[in-house]
Amino acid sequence: MVFGQWAEAADGGRRPSGIVEPEPEPAVVTHGAGGMRLIPDREEGMGAEVLTPEYRQIMEIVAKAWWPVMAKDIALALGRENTPAKVEPVRGQLRKLSDRGWLTRTGSGRYLPR
């Protein structure tokens with residue numbers, strides 16, 4: 001058992017082959033890759049163009065409304081059904097936009113543009 005551990009750690013006492021391993025290709029970074037946020041924290045002067053297309057579409061719907069909107073209103077405007085399975089993801093997206101300063105959430109779960 002001890003010899004097996006030594007052989008594994010010492011590569012069995014073999015000499016290096018001289019073969020050079022190729023360097024890995026650089027990783028391609030996209031939205032959400034490697035811990036990047038899909039929704040950045042909003043800063044003064046920052047426009048919606050930094051958001052992904054789906055989040056930009058949500059922001060446009062909220063901005064066009066004359067009243068505070070609910071998640072089900074946004075889901076319907078996006079062409080989704082008014083079922084919990086379709087509304088809950090939208091509610092999560094609205095919450096993210098609110099948490100990062102893009103929208104204002106009222107006490108009744110409705111959202112307004114900032």
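Residues numbered from 1 in each chain as written. Predicted model: local features only at pLDDT ≥ 70, side-chain atom pairs only at ≥ 80, totals over all residues. Heavy atoms only, no water.

Caption draft 1: Up close: the overall build of the protein. For the protein, the helix and strand inventory stands at four helices and two strands. N-terminal to C-terminal, the α/β element order of the protein is α-α-α-α-β-β. Summarising the internal contacts of the protein: among those between residues at least 6 apart in sequence, 42% fall at separations of at least 24. Only carbon and sulfur atoms are counted for the fraction: they give 55% of the accessible area of the protein, which is about 8600 Å². (Helix = DSSP H or I, 4+ residues; strand = E, 2+ residues; numbered from the N terminus. Contact = heavy atoms within 4.5 Å. Areas by Shrake-Rupley, 256 points an atom, 1.4 Å probe, with all protein chains shown as cover.)

Caption draft 2: A look at the pattern of salt bridges. A complete count under the given rule lists two salt bridges for this structure. A salt bridge links Glu-54 to Arg-80, with the shortest nitrogen-to-oxygen separation between them at 2.5 Å. Remark: Arg-80 occurs in the loop between helix 3 (71-77) and helix 4 (84-99) and Glu-54 occurs in helix 2 (residues 53-64); sequence separation between them is 26 residues. Among the residues examined, Glu-54 registers a relative accessible area of 33% and is labelled partly exposed. For Glu-88, the salt bridge goes to Arg-91, with nearest N and O atoms at 2.3 Å. In this pair, Glu-88 and Arg-91 are both assigned in helix 4, three residues apart and thus about one turn of the helix distant. (Salt bridge = Lys/Arg side-chain N within 4 Å of Asp/Glu carboxyl O. Buried < 20%, exposed > 50% of the residue type's maximum accessible area, 1.4 Å probe, protein only.)

Caption draft 3: Just helix 2, in detail. Taking 1.5 Å of rise per residue, the 12 residues of helix 2 would be expected to cover 16 Å, and the 17 Å separating its terminal C-alpha atoms lies within 8% of that figure. Within helix 2 the residues assigned to the buried category are Tyr-55, Ile-58, Met-59 and Val-62. The arc that holds every buried residue of helix 2, seen down its axis, measures 100°, which confines them to one face. Across from the buried face of helix 2, at angles greater than 90 degrees, the exposed residues are Pro-53 and Lys-64. (Expected span 1.5 Å × (residues − 1). Arc of directions from axis to C-beta.)

Caption draft 4: Structural view of the nonpolar core. Formed by 18 residues in total, the largest nonpolar core has its most connected members in Ile-74, Leu-94 and Leu-97. Leaving out residues up to four positions away in the same chain, Leu-94 has contacts with Ile-58, Val-62, Met-70, Ala-71, Ile-74, Leu-103 and Tyr-111. (Core = buried A, V, L, I, M, F, W, Y, C linked by side-chain atoms within 4.5 Å.)

Caption draft 5: Molecular detail of the environment of Val-50. Along the chain, Val-50 turns up in the loop between helix 1 (2-9) and helix 2. When the C-alpha positions of Val-50 and Ile-39 are compared, they lie 8.1 Å apart, and in sequence the two are 11 residues distant.

Caption draft 6: Here's a closer look at the packing of aromatic side chains. Scanning the entire structure with this criterion turns up zero aromatic pairs. Its guanidinium or amino end placed over the ring of Trp-102, Arg-42 lies 5.6 Å from that ring's centre, counting from NZ or CZ. (Phe/Tyr/Trp six-rings, centres within 6.5 Å; stacked < 30°, edge-to-face > 60°. Lys NZ or Arg CZ within 6 Å of the ring centre and 35° of its normal.)

Caption draft 7: Representation of the packing of helix 2 against helix 4. The geometry of helix 2 relative to helix 4 is characterised by a closest axis approach of 11 Å and an angle of 80° between their N-to-C directions. Comparing their axes, helix 4 and helix 2 come out roughly perpendicular. Residue-level inspection shows Glu-54, Tyr-55, Ile-58, Met-59 and Val-62 of helix 2 in contact with helix 4, the latter providing Gln-93, Leu-94, Lys-96 and Leu-97. Residues of the contact of helix 2 with helix 4, tallied by class, amount to six nonpolar, one polar and two charged. (Axes fitted to C-alpha atoms, helices over the stretch in contact; angles between N-to-C directions. Parallel < 35°, antiparallel > 145°, perpendicular 65-115°, else oblique. Nonpolar A, V, L, I, M, F, W, Y, C, P; charged D, E, K, R; others polar.)

Caption draft 8: Here's a closer look at helix 4. For helix 4, spanning 16 residues, the distance from its first C-alpha to its last is 22 Å, which sits close to the expected 22 Å at 1.5 Å a residue. Residues of helix 4 that are buried include every one of Val-87, Val-90, Gln-93, Leu-94, Leu-97 and Ser-98, and no others. All buried residues of helix 4 project into a common sector of 140° when viewed along the axis, lining one side. In helix 4, the exposed positions angled more than 90 degrees off the buried face are occupied by Pro-84, Ala-85 and Asp-99. The elements touched by buried residues of helix 4 are helix 2, helix 3, strand 1 (103-105) and strand 2 (111-113). At the C-terminal side of helix 4, Gly-101 shows a positive phi close to 90°.

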